[in-house]
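# Notes for the structure review
The primary structure of each chain is shown beneath.
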Amino acid sequence: MILTNQNIEQLLQLCKSGDQHAQMEVYNRYYKAMYNTALRIVKDSFEAEDIMQDSFLTAFTKLDNLKEIKTFGSWLKRIVINNSIYHYKKNNKYNDVPLDDVLYKVEDHSGIGEVETFSSIKANQILDTMKLLKDNYRMGLTLHLIEGYDYEEICEIMNITNANCRTLISRAKESLRKKLAPLAS
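In what follows, the accompanying structure is described.

Cut-offs and rules
Residues numbered from 1 in each chain as written. Predicted model: local features only at pLDDT ≥ 70, side-chain atom pairs only at ≥ 80, totals over all residues. Heavy atoms only, no water. Patch = residues over 30% accessible without salt bridge, like charges linked within 9 Å, V, L, I, M, F, W, Y side chains within 5 Å. Areas by Shrake-Rupley, 256 points an atom, 1.4 Å probe, with all protein chains shown as cover. Salt bridge = Lys/Arg side-chain N within 4 Å of Asp/Glu carboxyl O. Lys, Arg positive; Asp, Glu negative; His and termini not counted. Charge placed at Lys NZ, Arg CZ, Asp CG, Glu CD. Helix = DSSP H or I, 4+ residues; strand = E, 2+ residues; numbered from the N terminus. Buried < 20%, exposed > 50% of the residue type's maximum accessible area, 1.4 Å probe, protein only. Axes fitted to C-alpha atoms, helices over the stretch in contact; angles between N-to-C directions. Parallel < 35°, antiparallel > 145°, perpendicular 65-115°, else oblique. Contact = heavy atoms within 4.5 Å. Nonpolar A, V, L, I, M, F, W, Y, C, P; charged D, E, K, R; others polar. 1 Å grid on protein atoms, 1.4 Å probe; cavity = no way out; pocket = protein on both sides within 12 Å on 5 of 7 lines; lining within 4 Å. Points joined across faces, edges and corners; volume = space filled by probe spheres on them. Expected span 1.5 Å × (residues − 1). Bend = angle between axes of the 7 residues up to and from the residue. Polar contact = N/O pair within 3.5 Å; in protein donor to acceptor, adjacent residues only side chain to side chain. Phe/Tyr/Trp six-rings, centres within 6.5 Å; stacked < 30°, edge-to-face > 60°. Lys NZ or Arg CZ within 6 Å of the ring centre and 35° of its normal. Core = buried A, V, L, I, M, F, W, Y, C linked by side-chain atoms within 4.5 Å.

### Here's the deal with a negative patch on the surface
Together, Asp44, Glu49, Asp50 and Asp54 make up a negatively charged patch on the protein surface. Turning to its location among the elements, Asp44 is positioned in the loop between helix H2 (20-42) and helix H3 (45-61). Under the relative-accessibility criterion, Asp44 is labelled partly exposed at 32%.

So this is what it looks like as structure tokens:
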């Protein structure tokens, strides 16, 4: 049976019954996106690969817990993000300073920047520049701008208050703007 022609619902039903070929097909469809998600958080390709593979194993073993098969992609991405943040925090636990001790509320008056100022900057330049940001800024912006999480979800994922989340995102955007300004000239 050729599995590449099957939709994800059919493949996941086969995965539930332990079909390794179906699991490999699901892996092949999602691994690049999940690897990139993990890499943006942990910044280490080997660790990102391990996290991605662990996340697939978790997903395949807990597939019966998935209520809506149509949400598999977002469910898997959430597993990858949670695993990535767990590994990130585990590796940096001695360098952490609680955000509550550092941040205070700041109003966010603007978005990522004026369109005309940064229109010449390519997406890859922005992603490369994001890697230069402080880790918590990079993680917050990645979750908000790239992964599409709202402030409430970011608060839950990063275990911070709503005010700190808004401040973090605001400061991260400002820091990114400053780092991108020389590239826009």
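From this point on, the discussion continues.
### Thoughts on the packing of helix H8 (residues 135-146) against helix H10 (residues 162-184)
Following both chains from N to C, one finds H8 and H10 inclined at 100°, their axes separated by 9 Å at the closest point. By the angle class used here, H8 and H10 are roughly perpendicular. On H10, the residues touching Asn136, Tyr137, Gly140, Leu141, His144 and Leu145 of H8 are Leu168, Ile169, Arg171, Ala172, Lys173, Ser175 and Leu176. Tallied by class, the residues present in the contact of H8 with H10 amount to seven nonpolar, four polar and two charged.

### Quick notes on the layout of surface pockets
Of the volumes computed, that of the second largest pocket is approximately 270 Å³. Taken together, Asn36, Leu39, Arg40, Lys43, Asn124, Leu127, Asp128, Met130, Lys131, Arg138, Thr142 and Ile146 make up the full set of residues lining the second largest pocket. Going through the elements one at a time, H2, helix H7 (123-130) and H8 are the ones with two or more residues in the lining of the second largest pocket. Looking at the lining of the second largest pocket residue by residue, the class counts come to four nonpolar, three polar and five charged.

### Regarding a nonpolar patch on the surface
A cluster of nonpolar side chains, contributed by Leu127, Leu145 and Ile146, occupies part of the molecular surface with about 210 Å² of accessible area. In this structure, Ile146 sits in helix H8. Judged by relative accessible area, Ile146 falls into the partly exposed class, the value being 33%.

### Focus: H2
Counted at 1.5 Å a residue, the expected span for H2 with its 23 residues is 33 Å, but the 29 Å between its end C-alpha atoms falls short. The sharpest bend along H2 comes to roughly 50°, located at Tyr30. For H2, every residue scored as buried is listed here: Ala22, Glu25, Val26, Tyr27, Tyr30, Met34, Thr37, Ala38, Ile41 and Val42. On its buried side, H2 packs onto helix H1 (8-16), H3, helix H4 (72-91) and H8. Sitting at the amino-terminal end of H2 is Asp19, which places a side-chain oxygen 2.8 Å from the backbone nitrogen of His21. Among the residues trailing H2, Lys43 stands out with phi positive, at a value near 60°.

### Considerations on H10
Spanning 23 residues, H10 covers 32 Å between terminal C-alpha atoms, matching the ideal 33 Å at 1.5 Å per step. By the largest-angle criterion, Lys178 marks the main kink of H10, which is about 25°, and a proline, Pro182, follows within four residues.

### Examining the packing of aromatic side chains
Here the structure, examined in full by the defined rule, presents five aromatic pairs. Ring geometry for Phe72 against Trp75: centres 6.0 Å apart, planes inclined by 50°, an arrangement best described as tilted. Within this pair, Phe72 and its partner Trp75 are both found in helix H4, separated by three residues, close to a single helical turn. Classification of Phe72 by relative accessible area gives buried; the value is 0%. Following the ring pairs from residue to residue traces out a cluster consisting of Tyr27, Tyr31, Phe56 and Phe60. The ring centre of Tyr137 lies 4.7 Å from the NZ or CZ of Lys134, which sits over that ring.

### Here we look at the nonpolar core
Core analysis: the biggest nonpolar cluster contains 48 residues, and Val26, Tyr30, Phe56, Phe72, Leu143 and Met158 have the highest contact counts within it. At the level of secondary structure, the elements contributing two or more residues to this core comprise H1, H2, H3, H4, H8, helix H9 (151-158) and H10. Of the residues forming this core, the biggest block, eight residues, is contributed by H2. The contacts of Phe72, once residues within four sequence positions are left out, are Ile8, Leu12, Val26, Tyr30, Ala59, Leu63 and Leu66.

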